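Working through the structure, step by step
Below, each chain spelled out in residue letters.
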Amino acid sequence: QAAVQAGQSAGHVAQQSARGREMFRIAINVGAGEKVTFQLTYQEFLVRRLGIYEHVISIRPEQIVPDMRIGVDLRESQGFSFLRVRDIRTSDLLTEQSTDELSTAVVSRVSPDHYTIVYSPTEQEQAAMSAQGIMGDFVVQYDVIHQQQIGFIQVSDDYFVHYFAPTGLPVMPKNVIFVIDVSGSMRYEKIRQTKEAMGVILDQLREVDFFNIVTFSERAMRWRSELQPVSQGRLMAAHSYVSEMDANGSMKGACSLPKSRVINVCFFSFNDFYTMKP
């Protein structure tokens, strides 16, 4: 604030975390006739999910940028088994994400363990996305070559990381209970997104799995009295049950879930506080 009052150049960087997304907010004051260059240096630990590493860069300038350029330099000593650049991601919901690749990104293979990516959208390409330009995430997905079942150890200075990702392991059967808030606060967009997410997850269940659906507002209701083994007929019935859900209840009073004697159960909770992604 003192720099602003004095007409000097100054900046402030604030960091916050919201729903799994690290956000940096930068406030700057540029003195008259001066130019500034911002260089933000940070470390990010990439987590391998479903056999994929994902590097995400948020692009939300809220304006058309005359000279926009994003460069990504990837190096993996194990080598790459695949690498792709997805279309700009504008939603965190899996049901609303494109599976197409970003054709305007230039991917160059420098060596088996080194790739570079350059994305330079024109002003016309930015305007085609929205009046504010690009408002989404630049996503690079890849995996490395896994040659040793014991994993891979990376050493840097006095630290090391042991990556362990065995392949060919059988998938364990699951007992899954979907707990869905159908109170009035879930109306409109929230219940629509929940139904879409449920449609995706139900189709991923396997015949060795068991599942049930619990909805709640003033009271809890079970779709079936017991966990159901997965079958084509039961999945069709579950899809029909989900599609007919209506969010018009109230959360007044206590709401208790049915008692269960089943152990090792995976719960998916959909409510107006947080919606889990499949």
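The sections below set out a description of the structure shown in this document.

Thresholds, definitions, all that
- Residues numbered from 1 in each chain as written.
- Predicted model: local features only at pLDDT ≥ 70, side-chain atom pairs only at ≥ 80, totals over all residues.
- Heavy atoms only, no water.
- Pairing = 2+ DSSP bridges.
- Helix = DSSP H or I, 4+ residues; strand = E, 2+ residues; numbered from the N terminus.
- Axes fitted to C-alpha atoms, helices over the stretch in contact; angles between N-to-C directions.
- Core = buried A, V, L, I, M, F, W, Y, C linked by side-chain atoms within 4.5 Å.
- Buried < 20%, exposed > 50% of the residue type's maximum accessible area, 1.4 Å probe, protein only.
- Contact = heavy atoms within 4.5 Å.
- Salt bridge = Lys/Arg side-chain N within 4 Å of Asp/Glu carboxyl O.

**Quick look at the sheet that holds strand 8 (residues 136-144)**
Read across the open sheet, the 3 strands follow the order 3-8-5; overall the sheet is antiparallel. The open sheet terminates on both sides in strands that have one partner only, identified here as strand 3 (53-59) and strand 5 (80-85). Strand-to-strand twist of the sheet, defined as the mean angle between neighbouring strand axes without regard to direction, takes the value 15 degrees. Summarising the sheet, strand 3 and strand 8 pair through 7 bridges and their orientation is antiparallel. Across the sheet, E54 pairs through a bridge with Q141, a residue of strand 8.

**A few points about the nonpolar core**
Residues I59, L74, L83, I117, Y119, F138 and Y142 are the most contacted members of the largest nonpolar core, which totals 21 residues. Secondary-structure elements contributing two or more residues to this core are strand 3, strand 4 (70-75), strand 5, strand 7 (114-119) and strand 8. Leaving out residues up to four positions away in the same chain, I117 has contacts with I70, G71, V72, L74, L83, V85, A105, V106, V107, F138 and V140.

**Details of the pattern of salt bridges**
A full pass over the atoms with the stated rule returns 8 salt bridges. In this structure, D137 engages R60 in a salt bridge whose closest nitrogen and oxygen atoms are separated by 2.7 Å. Of this pair, D137 sits in strand 8 while R60 is found in the loop between strand 3 and strand 4, placing the two residues 77 residues apart along the sequence. For D137, a relative accessible area of 2% corresponds to the buried category. In this structure, K174 engages D209 in a salt bridge whose closest nitrogen and oxygen atoms are separated by 3.4 Å.

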